[in-house]
Amino acid sequence: MAVIHRTTMTPGKLDMLASWLPSQPWYAGSEPELAKAGGFRLDDPEGEVGIEFMVVTDTSMGRPHPYHVPVTYRGAPLEGAEAALIGTTEHGVLGTRWVYDGVHDPVLTERLLALLHGRAEPQAQSESDTADPTVHSRGMGEDIPDGAVVEGVESGMYGTDIRLSDPAGAGHWTLRVVRALTGDAEEAKGDAGPLLGEVTALWAPPGAEPARARFAEVRPSTER
């Protein structure tokens with residue numbers, strides 16, 4: 001399980017995200033004012049990549065708007081992922097870390113699918129060696145084979161869609177990472193087919209009880 005170091009990161013996560021968010025099609029503001037609002041982690045079995053599903057709230061437009069930002073942390077650049085780089089930071093223990101928009105990192109995609117298949121255990125965001133039982137994954141079963149490959153990644157106003165296919169030609173699916181969270185795990189907006197699987201987790205609205213929202217979902221693809 002991943003070790004959470006009690007140390008500094010320069011620049012910090014929120015500073016990096018504040019510079020990166022305005023260029024994203026699913027972000028509704030212009031000058032983010034961010035606060036941490038929850039999330040969870042998944043372990044990389046190889047121990048090389050940090051995987052965090054982070055929620056931040058943006059108060060720049062009055063009431064807090066929650067955004068889900070999956071990120072990966074690497075000790076070296078990810079080849080071919082220059083456009084997905086959020087920034088680099090100096091970690092007080094691990095040194096230079098390359099921070100990526102995780103939807104473009106194959107390790108995060110593989111572990112998210114493992115979670116949906118029931119083969120990965122969600123971990124607490126800020127505690128070492130601690131499972132997070134508040135993260136719920138359901139459905140999918142054998143609908144998507146373990147050998148599914150990524151055909152493409154595309155972000156829009158409703159989230160980021162990871163297009164998957166079976167090399168044997170058995171099907172095509174969309175793994176959608178929800179970005180602008182709602183107060184409840186409601187059905188996705190936009191083009192959507194039957195729900196095959198989902199991951200829900202808690203986030204913490206400022207001054208309110210934790211709310212459950214859908215972080216990711218799987219549906220049959222509408223594209224071929």
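Owing to the predicted nature of the structure, the values given are computational and were not obtained by experimental measurement.

**Structural notes on helix α1 (residues 13–20)**
Turning to step 1, where the next piece is worked out: Looking at α1, one finds that the buried residues are Lys13, Met16, Leu17 and Trp20. Summarising the axial view, the buried residues of α1 lie within an arc of 95 degrees, below the 170-degree limit, and thus occupy one face. Projecting away from the buried face of α1 at angles above 90 degrees are the exposed residues Asp15 and Ser19.
Turning to step 2, where the next piece is worked out: Those residues of α1 that are buried are in contact with β1 (9–10), β2 (34–42), β3 (50–58), β4 (65–74), β5 (85–91) and β6 (95–101).

**A short note on the pairing of strand β11 (residues 172–178)**
Turning to step 1, where the next piece is worked out: Most of β11 sits out of view: six of its seven residues are buried.
Turning to step 2, where the next piece is worked out: With antiparallel pairing between neighbouring strands as the criterion, strand β10 (residues 159–165) and β11 make up a hairpin whose turn holds six residues, including Gly169 at a positive phi of roughly 85 degrees.
Turning to step 3, where the next piece is worked out: Taken together, the five bridges between β11 and strand β13 (residues 211–220) define a ladder with antiparallel strand orientation. The partner of Leu175 across the bridge, within β13, is Val218.

**Brief notes about unusual backbone geometry**
Turning to step 1, where the next piece is worked out: Positive phi, normally seen in glycine, also occurs at Asp129, with a value near 50 degrees.
Turning to step 2, where the next piece is worked out: Within the secondary structure layout, Asp129 lies in the loop between β7 (123–124) and β8 (136–139).

**What about the packing of aromatic side chains?**
Turning to step 1, where the next piece is worked out: Within the structure shown, the criterion is met by five aromatic pairs.
Turning to step 2, where the next piece is worked out: Both rings, one in Trp26 and one in Tyr67, keep their centres 5.9 Å apart while their planes meet at 45 degrees; by these two values the pair is tilted. One end of the pair, Trp26, is in the loop between α1 and β2; the other, Tyr67, is in strand β4, with 41 residues separating them in the sequence.
Turning to step 3, where the next piece is worked out: One aromatic cluster is present, formed by Trp20, Trp26, Tyr27 and Tyr67 through successive ring pairs.

**Observations regarding the sheet that holds strand β12 (residues 197–203)**
Turning to step 1, where the next piece is worked out: Across the sheet, which stays open at both edges, the six strands sit in the order β8-β12-β13-β11-β10-β9 with antiparallel pairing between neighbours. In this open sheet, the two strands that pair with only one neighbour each are β8 and β9 (149–156). Direction aside, neighbouring strands of the sheet carry axes that sit 20 degrees apart on average.

**Things to note about the pairing of β9**
Turning to step 1, where the next piece is worked out: Relative to β10, β9 runs antiparallel, the two being bridged by seven bridges. In the strand pairing of β10, Gly152 is matched with Arg163.

**Observations regarding the nonpolar core**
Turning to step 1, where the next piece is worked out: Counting 34 residues, the largest nonpolar core has Phe40, Leu112, Leu164, Leu175 and Val199 as the members making the most contacts within it.
Turning to step 2, where the next piece is worked out: Elements with a minimum of two residues in this core: β2, β3, α2 (106–116), β10, β11, β12 and β13.
Turning to step 3, where the next piece is worked out: With six residues, the single largest contributor to this core is α2.
Turning to step 4, where the next piece is worked out: Filtering out sequence-adjacent residues up to four positions away, Phe40 remains in contact with Ile51, Glu52, Phe53, Leu115, Pro122, Gln123, Gln125, Asp132, Val135, Val199, Ala201 and Phe215.
Turning to step 5, where the next piece is worked out: Core analysis: the next-biggest nonpolar cluster, separate from the first, contains 15 residues, Trp20, Tyr27, Val56 and Tyr73 among them.

Each value, and the rule that gives it
- Residues numbered from 1 in each chain as written.
- Predicted model: local features only at pLDDT ≥ 70, side-chain atom pairs only at ≥ 80, totals over all residues.
- Heavy atoms only, no water.
- Buried < 20%, exposed > 50% of the residue type's maximum accessible area, 1.4 Å probe, protein only.
- Helix = DSSP H or I, 4+ residues; strand = E, 2+ residues; numbered from the N terminus.
- Arc of directions from axis to C-beta.
- Contact = heavy atoms within 4.5 Å.
- Pairing = 2+ DSSP bridges.
- Phe/Tyr/Trp six-rings, centres within 6.5 Å; stacked < 30°, edge-to-face > 60°.
- Axes fitted to C-alpha atoms, helices over the stretch in contact; angles between N-to-C directions.
- Core = buried A, V, L, I, M, F, W, Y, C linked by side-chain atoms within 4.5 Å.

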